[in-house]
Each structure stands twice: as C-alpha cells, then as structure tokens.
Amino acid sequence: MSLQVQSQVSLKPFNSFGVDVEARLFAEAHSDTDVREALAYGLEHEVAVLVIGGGSNLLLTADIDSLVLRMATRGIRVLSDDGSKVVIEAEAGEPWHPFVQHTLSLGLSGLENLSLIPGTVGAAPMQNIGAYGVEIKDVFAGLTALDRQSGEMRDFTLQECNFAYRDSLFKQESGRWLILRVRFALDRAAHLHLEYGPVRQRLTEQGIEHPTASDVSQAICSIRNEKLPDPAVLGNAGSFFKNPLVSAALAARLKGEYPDLVAYAQPDGRMKLAAGWLIERAGWKGFREADAGVHKLQALVLVNYGGATGLQLLNLAQRIQKDIFERFHVDLEMEPNRY
Ligand code: FAD
Ligand code: NAP
C-alpha cells in the first residue's frame, strides 16, 4: 500500500480558519490508487473518509472522527486545441490560483475573473466557485468523479452537474462524489467580463484601455488583496454567507425603508441582496468577541484572531443570522461546509 495513514493529526494547517481540531486519521492522496486505497482502508477499519482540498471552505466544529483524505494529486494537460477553443484538464489536488495563472501563461482566457480564489481544482465544482461575474459553469467542459457508493468512475457533462449559485449536484449529494479531475474549455481570443464592481475602474486607474486576460487577472488580484484578509495572516473562509435571493416584493419593501440597500435583479425575477451590506447595516462589521470576529473591512467575512474554536465561530454566525432575520426578514445561508 502506498498510502501513508497517520493518527491524531492536527488539522490547524489544513483549514484556512486555522481552527485547531484533530483528525483521528489523516492521509494525502497523490494518485487515483491512493484514493482507492483510502476508501478501502475506511471500509476495512469502519471509519468514514472525509475528503478535503485546501480547507478554505470548511468550518470544523469538533475533532474529526474520520480518515481525513487531503487531495494532493497533480497534473495539467491540454486535451484538445482547435485553434480557438482549448480544453484543458487538471487533477483535483492542483492548487486553483496557480492553475489559473498557468492557463493565462498559455494565452488562454476564461478563468481570469476567478484569480486568487484559494483551494484546489477538485473542490471548485463543489460550489461552482464564482467571482466578479464569472462562475466555473461558464467555462466548464466536464469532470471525472468516483462514485463512492458504487466504486465506479463517471464522467459528468455541464448539464449533469446541476450548477447554480454556489451550488452543484456534488454539494447536494455531499459525500457521494469524489472529484478526481476537472476540464475547462478556454478561449485563445479573450471574451472579457469587466462589468462587475470595480474591475473596469481599476483598469482605468492603471491606464489600461484595452486589457488582456492577464491584465484583468492582475486587477482582480490587486482588488482582492486590498479587501480580503489573507488566511495565512488572519484565519477566514472567505464569504461566510451566501448573498440571499429574495422576492422582488420584499426587496422593494426594504428599499423603501433603506434607500441605499444593495440589490441586483436576477433573471428569474428575484433580487439578490448583498449579504455584506445587511450585516454591516446591522452593525456587525468589526465586531469581535474573544478571538471570533467579523472582518473590519468586509462584513461578509468571519475571522479567527488566533484561538477561536469552530463552535465560537458558528455561534457568532448564528447570532448574525438571527439578527438579520429580525431586522430585515431575510434568511442568511452559511457558505462553508461544516463538520
Ligand atoms: P475544501 O475547503 O477543502 O472543501 C470544500 C468542500 O468540498 C468540502 O465539503 C470537501 O469535503 C469537498 N471537497 C474538496 N475536494 C473535493 C474533491 N476532490 N472531491 C469531492 N469533494 C471535495 N469561493 C468562491 O466561490 N468565490 C470566491 O471568490 C472565493 N474567495 C475566497 C477568498 C478567501 C480568502 C477564502 C478563504 C475563501 C474563498 N472562497 C471563494 C471559498 C473557497 O476558496 C472555495 O470554495 C474553494 O473552491 C474551496 O476549495 P478547497 O480546496 O479549499 O476546498
Ligand atoms: P463587492 O464587489 O463588494 O459586491 C458586493 C456583492 O454585490 C457581491 O457579493 C456581488 O455578488 C454583488 N455584485 C457586485 N457587482 C454586481 C453586479 N454588477 N451584478 C450583480 N451582482 C453584483 O463584493 P466582494 O465581497 O468584494 O467580492 C467580489 C467578488 O468576489 C464577488 O463576486 C464575490 O462573490 C467574490 N468573493 C467570494 C468569496 C467567497 O468566499 N465566496 C470571497 C470573496 C469574494 P456575488 O457574490 O453574487 O458575485
């Protein structure tokens, strides 16, 4: 067996909140064989297997009584190139941002708006990662996953993944599908998305009138570096709540009461509210209790000042949810995966 299984391993370095809990068992998968060995080990020893990538979308609230399998598989390959569209495949354990940079270095466009998102390629489909007006579903060309129920490999098309806002089949059927590799259809000619937030403004400030995909990536990296705490410095899992989708009637009522409410019309007639605006308006921005807090610059991000437990962070999140519901009649849904 090539898989190295360790006992009682601290998960502090393996979750971006920096929460200090222990895994009963821990291993890293460097190949499909390692993945199969880990699942067989779990069956043989009657221990559940929890698959993780970079740990940047996790809230760990207790020690994990499982075999935690960290995906560390590597490999990037071009599968087809017709001169305009290039299909590129990456193994699940590839770190996301370096993969994005690699595609840009090949002159390919499509992933630039998703620059600097932490984590791995294999976790990206889980919540259909998105930023600045692009989601992976927009450039998705398929993935290969292992069905943990049947042990069979399966290829998924775009339609089969049920991608939605921060959601997918893999999240809905949590624990069933182990994503091994993901494919993206990228363009040689750039079709840039500059309409979101401050992207165009940042490029203009830099004097860039006709940006390339790499220019967009760099602009987004600079915006993100200014606004978001670096998990290596201050523990966090990015946005802690999804932006709520509410009825047009509720949004209109709230707009009447709060004229500066941030709301975006959706194709289905609903309105997307900026959860960060609601939380800031309710006075939580910069709040801190012991080592759990709400970031000073971005109210959507909960932070661990060092010694916060997962339960303290969860408790803070639940207090915020209750307060937002009482003030605005809006339900906030947590984004990180809780274990
Ligand atoms: P993990 O946190 O390790 O796992 C997440 C979930 O996926 C878990 O349920 C895990 O069991 C499962 N999983 C992981 N790998 C696999 C696999 N190979 N097969 C099956 N299941 C798997 N997200 C966005 O969408 N947009 C953003 O702009 C964004 N910005 C962020 C900024 C910061 C500073 C941080 C800390 C987070 C941000 N995130 C963002 C959230 C997070 O980075 C992404 O969701 C990322 O895709 C998580 O990847 P990961 O490898 O860290 O997954
Ligand atoms: P922002 O620019 O301050 O905007 C606040 C919210 O308004 C965003 O969440 C975004 O929704 C929405 N928004 C902004 N411009 C929009 C437009 N033109 N049309 C529709 N909706 C618009 O947001 P931010 O917090 O700095 O984040 C910037 C981007 O990075 C966002 O897309 C955000 O989702 C993403 N991000 C995600 C995470 C995470 O952990 N999930 C962490 C950091 C950043 P959407 O979120 O729906 O895009």
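Every residue gets a number counted from 1 within its own chain, in the order that chain's sequence is written. Labels are handed out in written order, letters beginning with A for the chains and numbers beginning with 1 for the ligands. Selection of residues for local features in this predicted model requires a pLDDT of at least 70, selection of side-chain atom pairs for listing and counting requires 80 or more, and totals for whole chains, interfaces and linings are taken over all residues. Heavy atoms from the whole structure form the basis of all side-chain values; hydrogens and water molecules are not counted.

Side note on the site of ligand 1
The test is simple: We call a residue near a molecule or strand when any one of its heavy atoms sits within 4 Å of it. Whenever two N or O atoms come within 3.5 Å, that pair is a polar contact, provided that in protein one can donate a hydrogen and the other can accept it, and provided that, for residues adjacent in sequence, both atoms are side-chain atoms. Calculation of accessible area relied on Shrake-Rupley with a 1.4 Å probe; when residues are assessed, cover is drawn exclusively from the protein chains displayed.
Taken together, 35 residues sit near ligand 1, with Val51, Gly53, Ser56, Thr120 and Tyr339 positioned nearest. In the model, an oxygen atom of ligand 1 is placed 2.6 Å from a nitrogen or oxygen of the serine 56 side chain. A distance of 2.7 Å separates an oxygen atom of ligand 1 from a polar side-chain atom of tyrosine 339. Protein burial of ligand 1: of its 980 Å² of free accessible surface, 94% is covered by the chains.

Some points on the site of ligand 2
Here is the rule we go by: In this text, helices come from DSSP runs of H or I with a minimum length of four residues, and strands from runs of E with a minimum of two, each type numbered from the N-terminal end. Under the scheme applied, nonpolar residues are Ala, Val, Leu, Ile, Met, Phe, Trp, Tyr, Cys and Pro; charged residues are Asp, Glu, Lys and Arg; polar residues are all the others, including Gly. Boundaries of every domain are those given by an automatic assignment or by a domain database.
Close to ligand 2 lie 17 residues; Arg166, Tyr196, Lys227, Lys272 and Gln298 are nearest. In this structure, serine 239 approaches ligand 2 through a main-chain N or O atom, which is 2.8 Å from an oxygen atom. Here a nitrogen atom of ligand 2 sits 3.3 Å away from a polar atom, N or O, in the side chain of tyrosine 264. Burial of ligand 2 by the protein amounts to 81% of the accessible area it has alone, namely 800 Å². Going through the elements one at a time, β8 (130-131), α5 (213-227) and β13 (235-239) are the ones with two or more residues in the shell around ligand 2. Here the residues of the shell around ligand 2 are counted per class, giving 6 nonpolar, 6 polar and 5 charged. Two domains each donate at least three residues to the shell around ligand 2, and these are domain 2 (76-226) and domain 3 (229-338).

Some words on the sheet that holds strand β10 (residues 140-147)
Heads up, the rule is: One requirement defines pairing of two strands: DSSP has to find at least two bridges between them. The axes are straight lines fitted to the C-alpha atoms, using for helices just the contacting stretch, and the angles between their N-to-C directions are given from 0 to 180°.
Spatially, 5 strands are ordered β6-β7-β12-β10-β11 in an open sheet, and the strand pairing comes out antiparallel. Two strands lie at the open edges of the sheet, namely β6 (76-81) and β11 (153-156), each paired on one side alone. This sheet shows a mean twist of 20 degrees between the axes of neighbouring strands, independent of strand direction. With 4 bridges connecting them, β10 and β11 associate as antiparallel partners.

Focus: the packing of aromatic side chains
Working definition: an aromatic ring pair is given by the centre-to-centre distance plus the angle between the planes. What counts here: Pairing of aromatic rings covers Phe, Tyr and Trp, the last through its six-membered ring, and needs centres within 6.5 Å; plane angles under 30 degrees mean stacked, over 60 mean edge-to-face, and all others mean tilted.
All told, the structure shown has 13 aromatic pairs when counted by the stated rule. Between tyrosine 258 and tryptophan 277 the ring centres are 6.0 Å apart and the planes differ by 75 degrees, which places this aromatic pair in the edge-to-face class. Residue tyrosine 258 is found in the loop between α6 (248-257) and β15 (263-265), and its partner tryptophan 277 is found in helix α7 (residues 275-281); the two are separated by 19 residues along the sequence. What links up through ring pairs into an aromatic cluster is the set Phe17, Phe240 and Phe241.

Let's talk about the pattern of salt bridges
Between side chains of opposite charge, a pair can form when the charged atoms approach closely. To be explicit about the condition: Note on definitions: salt bridges are taken to be side-chain nitrogens of Lys or Arg within 4 Å of carboxyl oxygens of Asp or Glu. Note on exposure labels: buried denotes an accessible area under 20% of the residue type's maximum, exposed denotes more than 50%, and partly exposed covers the range between, all computed with a 1.4 Å probe on protein chains only.
On inspection of all chains with the given rule, the structure shows 26 salt bridges. With a shortest N-O distance of 3.1 Å, aspartate 138 and lysine 137 are connected by a salt bridge. Residue class for lysine 137 comes out partly exposed when judged on its relative accessible area of 32%. Where arginine 281 meets aspartate 260, a salt bridge forms, and the shortest distance between an N and an O atom there is 3.4 Å. Highlighted residues: arginine 281 in helix α7 and aspartate 260 in the loop between α6 and β15, separated in sequence by 21 residues.

Here's the deal with the side chain of serine 16
Note the threshold: Only heavy atoms matter for contacts: two residues are in contact if any of them lie within 4.5 Å across the pair.
For serine 16, the position within the fold is in the loop between β1 (6-10) and β2 (22-29). Within the structure, serine 16 has its side chain in polar contact with the backbone oxygen of asparagine 236 (distance 2.6 Å). Residues contacting serine 16, with those up to four places away along its chain left out, are Gly55, Ser56, Pro231, Gly235, Asn236 and Ala237.

A few points about the domain arrangement of the chain
The criterion, for reference: Simply put, the buried area is the total loss of 1.4 Å probe accessible area from both parts when two parts are fitted together.
For the chain, the assigned domains are domain 1 (6-71), domain 2 (76-226) and domain 3 (229-338). Relative placement of domain 2 and domain 3: their C-alpha centres are 25 Å apart. Between domain 2 and domain 3, the residue contacts involve 6 residues of the former and 6 residues of the latter. Summed over both sides, the interface between domain 2 and domain 3 buries roughly 600 Å², with carbon and sulfur atoms accounting for 41% of that surface. Put simply, domain 2 and domain 3 have 1 salt bridge between them. Between glutamate 335 and arginine 166 there is a salt bridge, and its shortest N-O distance comes to 3.2 Å. Seen at the junction of domain 2 and domain 3, the total is 5 residue pairs in polar contact (both at pLDDT 80 or more). Tallied by class, the residues present in the side of domain 2 that touches domain 3 amount to 2 nonpolar, 1 polar and 3 charged.

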